[in-house]
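Single-letter residue listing:
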Amino acid sequence: MIEVATALMVIKGAKAAFDVAKEAFDEIRSCAEAGKSAHESLGALTSFFSSAGKAEEGIAHAKELQDNPTEEDSRNDYEIVIEMMVAERQLKQFYKDLKEMFIYQFQEPGLYDEFMGRLEKLRADRRQREVDNRLHLKALEMAARREKAKKVQFIQDMFAMAFGVIVSVAIIAGIVWMFTLGG
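Here's a quick rundown of the structure. Throughout this description, residue numbers start from 1 for each chain and increase along the sequence as written. Since the coordinates come from a predicted model, pLDDT governs what is reported: local features require at least 70, and pairs of side-chain atoms require 80 or more to be given and counted, while whole-chain, interface and lining totals use all residues. Note that water and hydrogens are dropped before the side-chain values are worked out from all heavy atoms of the structure.

## Some details on the layout of surface pockets
Here is step 1: Grid points spaced at 1 Å and placed over the protein atoms alone form the basis of the search, with a cavity being a set where a 1.4 Å probe fits but cannot get out and a pocket an open set showing protein on both sides within 12 Å along at least five of seven lines. Lining residues have an atom within 4 Å of a point. Grid points are joined across faces, edges and corners, and a volume is the space filled by probe spheres set on the points. Here the largest pocket defines a volume of roughly 390 Å³.
Here is step 2: If you trace the largest pocket, you find 13 residues lining it, with Gly53, Glu56, Glu57, Arg123 and Arg126 closest to the centre.
Here is step 3: Helix numbering and strand numbering both begin at the N terminus, where a helix is a DSSP run of H or I of at least 4 residues and a strand a DSSP run of E of at least 2. Breaking the lining of the largest pocket down by element, the ones donating at least two residues are α2 (42–67) and α4 (109–182).
Here is step 4: Side-chain classes are defined by residue name, with Ala, Val, Leu, Ile, Met, Phe, Trp, Tyr, Cys and Pro counting as nonpolar, Asp, Glu, Lys and Arg as charged, and the others, Gly among them, as polar. Classifying every residue of the lining of the largest pocket by side-chain character gives six nonpolar, one polar and six charged.
Here is step 5: Looking at the second largest pocket, its volume works out to about 230 Å³.

## Some words on a nonpolar patch on the surface
Here is step 1: On the surface, a nonpolar cluster with roughly 540 Å² of combined accessible area is contributed by Phe154, Ile155, Met158, Phe159 and Met161.
Here is step 2: Buried, partly exposed and exposed residues are distinguished by accessible area as a fraction of the type maximum, computed with a 1.4 Å probe on protein chains only: under 20%, between the cut-offs, and over 50%, respectively. With relative accessibility at 47%, the residue Met161 sits in the partly exposed group. Patch members must show over 30% relative accessible area and no salt bridge, and they are joined within 9 Å when carrying like charges or within 5 Å when they are nonpolar side chains of Val, Leu, Ile, Met, Phe, Trp or Tyr. We get accessible surface area from the Shrake-Rupley algorithm with a probe of 1.4 Å; when it comes to residues, only the shown protein chains can shield them. When a carboxyl oxygen of Asp or Glu is within 4 Å of a side-chain nitrogen of Lys or Arg, the pair counts as a salt bridge.

## A word on the side chain of Asp97
Here is step 1: Mapped onto the secondary structure, Asp97 falls in helix α3 (residues 74–105).
Here is step 2: Once residues within four sequence positions are removed from consideration, Asp97 is found in contact with Phe25 and Arg29. Any two residues having at least one pair of non-hydrogen atoms within 4.5 Å are treated as being in contact.

## Some remarks on the packing of aromatic side chains
Here is step 1: Any pair of Phe, Tyr and Trp rings, taking the six-membered ring for Trp, is counted once the centres come within 6.5 Å. Such a pair is stacked with planes under 30 degrees apart, edge-to-face with planes over 60 apart, and tilted for the rest. A complete count under the given rule lists eight aromatic pairs for this structure.
Here is step 2: Seen in terms of ring centroids, Phe49 and Phe115 are 4.3 Å apart; in terms of plane orientation they differ by 40°. Their pairing is tilted. You can see Phe49 sitting in helix α2 and its partner Phe115 sitting in helix α4, a full 66 residues away along the chain.
Here is step 3: Three or more aromatic residues joined by ring pairs form one cluster here, namely Phe25, Phe48, Phe49, Phe94, Tyr95 and Phe115.

## Focus on the pattern of salt bridges
Opposite charge on two side chains makes pairing possible when the charged atoms of those side chains draw close.
Here is step 1: All told, the structure shown has eight salt bridges when counted by the stated rule.
Here is step 2: Arg127 is the partner of Glu120 in a salt bridge, and the nearest nitrogen-oxygen pair spans 3.1 Å.
Here is step 3: Given a relative accessible area of 42%, Glu120 falls into the partly exposed group.
Here is step 4: Here Asp125 ties to Lys121 by a salt bridge, and the two come within 2.8 Å at their closest N and O atoms. Of this pair, Asp125 and Lys121 both sit in helix α4, four residues apart, which is roughly one turn of the helix.

## Comments concerning the nonpolar core
Here is step 1: Core analysis: the largest hydrophobic core is formed by 27 residues, its most contacted members being Ile28, Phe48 and Leu98.
Here is step 2: Once residues within four sequence positions are removed from consideration, Phe48 is found in contact with Ala21, Ala24, Phe25, Ile28, Phe94, Tyr95 and Leu98. Buried Ala, Val, Leu, Ile, Met, Phe, Trp, Tyr and Cys residues form a nonpolar core when they are joined through side-chain atoms within 4.5 Å.

## Regarding the environment of Asp97
Here is step 1: By relative accessible area, Asp97 is classed as buried at 18%.
Here is step 2: The sequence separation of Asp97 and Phe25 amounts to 72 residues, and the corresponding C-alpha distance is 9.4 Å.

So this is what it looks like as structure tokens:
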């Protein structure tokens, strides 16, 4: 079970990242209203996307925590859910407003779509590398298990052959002994 302190830390981290993203978005809006280009607003854009990404990760982690509930009272659960829901909706609105700013105020209509396309490709590539890495680790683990199973099987086979040889020698010795006695 996840500790209450861990859950609260994740939620506070997501809220702090959301607050930074909100400040960065306000700065981007100010730059757009002042007539600056997207390139002149690069610092604020970088800060926004970095913070928004951290906030999204925090929201996703908070959703995971909902699947593994803590021992908090239900009132705190409601507060957590409402806070994350509001933050998630606000982030979606920030992205929508940012797209409109790129199109209408920065006069860069394709830049936002290009950025989001590249971001999605980067995330997909990263997820694929993680999957490939996990599969590679599992393959190595399975190969080690197979090798260990082969060694165990080899040892069992050797014991079986040794036992078979001992039994065969005992039977042959018994037969020879019986012929020598009856002889």
